[in-house]
Amino acid sequence: TPAQDSMWHRAIFGLDTCVIADDKTLNFEADIQSNNEVRVRSGIAMLQGRFWCVPIGTYDPLTIQNGNQGEKRIDLAVQRWTINEETNTQSCDWVVIMGMPTTGEAEAPSHVEGDLDNGDTVADMPMFQIALDGINLTAVTPVFETAISTEAARISDKTKQMFAAAGYPITD
């Protein structure tokens with residue numbers, strides 16, 4: 001079941017929700033294209049033990065609502081996991097939650113902190129804070145936690161041999 005899979009995935013990575021860093025993807029690198037578009041490059045992540053990804057060699061576009069002259073704003077780009085109990089399906093999609101415009105210090109908006117394993121049907125994974133100063137999109141800041149892949153965490157045989165030859169054997 002999805003609940004069993006999510007338990008297994010959490011046990012493997014030791015985290016509930018994270019981006020899984022690996023050498024084959026761009027780990028959700030975000031590029032500002034205009035004042036209304038950010039492109040998020042390939043990566044794989046886990047939201048409460050459930051995997052989602054942007055496929056290798058592709059990107060997902062995020063649409064940002066116009067800013068206002070003289071005001072600052074911070075939007076929050078999240079991956080929203082939704083369980084549809086009627087159709088017994090689950091999906092994960094980008095949602096940009098618009099922050100409150102202000103002439104003072106802008107703050108990121110709140111997001112849905114649902115618990116999918118305890119009956120909630122929606123949960124968000126915050127990925128980026130998107131800063132606007134007036135009409136200009138000025139920064140995209142990652143807010144996700146990153147875990148290394150299990151392969152990246154493995155010590156290679158070559159490294160073990162090198163340490164052993166130097167008199168410092170590594171044991172698993």
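One can find the structure itself at the top, above this paragraph.
Quick notes on the rules
- Counting of residues starts from 1 at the beginning of each chain's written sequence and follows it residue by residue.
- In keeping with the model being predicted, local features are shown solely for residues with a pLDDT of at least 70 and side-chain atom pairs are shown and tallied solely at 80 or more, while totals for entire chains, interfaces and linings include all residues.
- Calculated side-chain values reflect all of the structure's heavy atoms, with hydrogen atoms and water omitted.
- If DSSP finds at least two bridges between two strands, the strands pair.
- Per the convention used, a helix needs a DSSP run of H or I reaching at least four residues, while a strand needs a run of E reaching at least two, with both numbered from the N terminus.
- Salt bridges, as used here, are contacts in which a Lys or Arg side-chain nitrogen is within 4 Å of a carboxyl oxygen on Asp or Glu.
- Geometry of aromatic contacts follows a simple scheme: Phe, Tyr and Trp rings, the Trp one being its six-membered ring, pair when their centres are within 6.5 Å, and the pair is stacked under 30 degrees between planes, edge-to-face over 60, tilted otherwise.
- Buried, partly exposed and exposed residues are distinguished by accessible area as a fraction of the type maximum, computed with a 1.4 Å probe on protein chains only: under 20%, between the cut-offs, and over 50%, respectively.
- We call a set of buried Ala, Val, Leu, Ile, Met, Phe, Trp, Tyr and Cys residues a nonpolar core when their side-chain atoms join them within 4.5 Å.
- Pairs of residues are marked as contacts when any of their non-hydrogen atoms sit within 4.5 Å.
- What counts as an axis is a line fitted to C-alpha atoms, over the stretch in contact for a helix, and the angles between N-to-C directions run from 0 to 180 degrees.

Re the pairing of strand β8 (residues 136-142)
No. 1: With six bridges joining them, strand β7 (residues 122-133) and β8 adopt antiparallel strand pairing. Its bridge partner being in β8, F128 is matched across the sheet by P142.

Brief notes about the pattern of salt bridges
No. 1: The full count for this structure, using the stated rule, is seven salt bridges.
No. 2: R10 is the partner of D117 in a salt bridge, and the nearest nitrogen-oxygen pair spans 2.6 Å. Here D117, found in the loop between β6 (89-97) and β7, pairs with R10, found in helix α1 (residues 2-13); they are 107 residues apart in sequence, far enough to count as distant.
No. 3: In this structure, D31 engages R41 in a salt bridge whose closest nitrogen and oxygen atoms are separated by 2.8 Å. Taken together, the positions of D31 in strand β2 (residues 30-34) and R41 in strand β3 (residues 37-47) put the pair 10 residues apart, joining distant regions of the chain.
No. 4: The structure contains a network of salt bridges with shared partners spanning R10, D16, R50 and D117.

Focus on the packing of aromatic side chains
No. 1: On inspection of all chains with the given rule, the structure shows five aromatic pairs.
No. 2: Between F28 and F144 the ring centres are 6.4 Å apart and the planes differ by 65°, which places this aromatic pair in the edge-to-face class. With F28 in the loop between β1 (18-21) and β2 and F144 in the loop between β8 and β9 (146-148), this pair connects stretches of sequence that are 116 residues apart. F144 carries the same exposure label as F28, and that label is buried.
No. 3: What links up through ring pairs into an aromatic cluster is the set F28, W52, W94, F128 and F144.

Considering the nonpolar core
No. 1: With 24 residues, the main nonpolar core has F28, W52, W94, M125, M127, F128 and I130 as its most contacted residues.
No. 2: Mapped onto this core, the elements with two or more residues apiece are β3, β4 (50-63), β5 (72-84), β7 and β8.
No. 3: Every residue in contact with I130, bar those within four places of it in the chain, is listed here: I64, R73, I74, D75, A77, L137, A139 and V140.
No. 4: With five residues, the next largest nonpolar core counts F13, C18, M46 and A147 among its residues.

Quick notes on the sheet that holds β5
No. 1: As summarised here, the arrangement of the four strands in space is β6-β5-β7-β8, forming an open sheet in which the pairing is antiparallel. Every interior strand has two partners, whereas the edge strands, β6 and β8, have only one. Taking each pair of neighbouring strands and ignoring which way they run, the sheet shows an average axis angle of 20°.
No. 2: Taken together, the nine bridges between β5 and β6 define a ladder with antiparallel strand orientation. Directly across from A77, in β6, lies its bridge partner V96.

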